[in-house]
Amino acid sequence: MLLLGACGGDDPFAMDWAADIDTVTLFSLARPELNLESAYDFSNRLKVVVEEAMATGSWDMAVDDDGESVFILAPGALGVDSRAGLAPMPGITFDGLTEAPRDTSLYIRDRRIAVQPGDVFAVRTRELPGLFGETCVFFGKLEVLETDLEERTLRYFLESSPVCNDRNLVPTIQSSTPTS
């Protein structure tokens, strides 16, 4: 993700950012093998192994399945105290999702959500320290590309803003969305 500090503008803390859409594949927590990347840290753009000793509280979304459906879930669905949540955005395309919802009740934090290809979600991360010592949540969006019950995986692409507490999901430096 390209971050550029503001040069000469009115706001010395303003941050320009470029589109940096990633495609991610995660494994279901229901797979029998341990130590597979089943969760994702949106602010650092890292896959996370939930079973690792230091993983608690270091991720914003995980994948699970019940043999019939694939699910995404925020940390609260597994009993982890976190502000991270996922807001289903039915009828909105990935490109059409330009701002994360302000209404915090739209973010599901405590239960799993069944997903299908084409589903779009706004993402709110856990609380993290910002560049200037403030407490931040970061916002992003994801679109489900593929659910594979045989392999027990979920593939999606995402975009996330690096700007503290900013619901705007349109990069200030434009680029194109990948094709699936």
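Conventions adopted
Residues numbered from 1 in each chain as written. Predicted model: local features only at pLDDT ≥ 70, side-chain atom pairs only at ≥ 80, totals over all residues. Heavy atoms only, no water. Disulfide = S-S within 2.5 Å. Helix = DSSP H or I, 4+ residues; strand = E, 2+ residues; numbered from the N terminus. Buried < 20%, exposed > 50% of the residue type's maximum accessible area, 1.4 Å probe, protein only. Salt bridge = Lys/Arg side-chain N within 4 Å of Asp/Glu carboxyl O. Phe/Tyr/Trp six-rings, centres within 6.5 Å; stacked < 30°, edge-to-face > 60°. Lys NZ or Arg CZ within 6 Å of the ring centre and 35° of its normal. pLDDT = per-residue confidence, 0-100. Contact = heavy atoms within 4.5 Å.

**Student:** Quick rundown of the state of the cysteines? Include the residues and the values.
**Tutor:** All chains considered together, the criterion is met by one disulfide. The disulfide that involves C136 links it to C164, with 1.9 Å between the sulfurs. As the torsion about the S-S bond is roughly -100 degrees, the C136-C164 disulfide counts as left-handed. A residue pair is termed long-range when its members are at least 10 positions apart, and C136 in strand 12 (residues 135-136) and C164 in the segment after strand 14 (153-160) qualify at 28 residues. Look at C164 and you get partly exposed, because its relative accessible area is 22%.

**Student:** I'd love a proper account of the pattern of salt bridges, names of residues and values included.
**Tutor:** Across all of its chains, the model carries 12 salt bridges by this definition. With a closest N to O distance of 3.8 Å, R45 and D20 form a salt bridge. On the criterion of sequence distance, the pair formed by R45 in the loop between strand 4 (37-41) and strand 5 (46-49) and D20 in the loop between strand 2 (15-17) and strand 3 (22-27) is long-range, its members being 25 residues apart. Taking the relative accessible area as the measure of exposure, R45 reaches 14% and is therefore buried. One salt bridge in this structure joins R112 and D66, with 3.9 Å as the shortest N-O distance.

**Student:** Give a description of the packing of aromatic side chains that names residues and reports values.
**Tutor:** Applying the stated criterion to the full structure yields four aromatic pairs. Here the aromatic residues Y40, F42 and Y156 are joined through ring pairs into a cluster of three or more. One residue, K141, lies across the ring of F94, its end atom 4.6 Å from the ring centre.

**Student:** Quick one: what's the story with the confidence of the model for the protein chain, residue by residue and with numbers?
**Tutor:** In the predicted model, the protein chain carries a mean pLDDT of 89, and the fraction of residues at 70 or more is 89%. Here residues 1-8 scores under 50 on pLDDT; set against residues more than four positions off or in separate chains, the count is 19 contacts.

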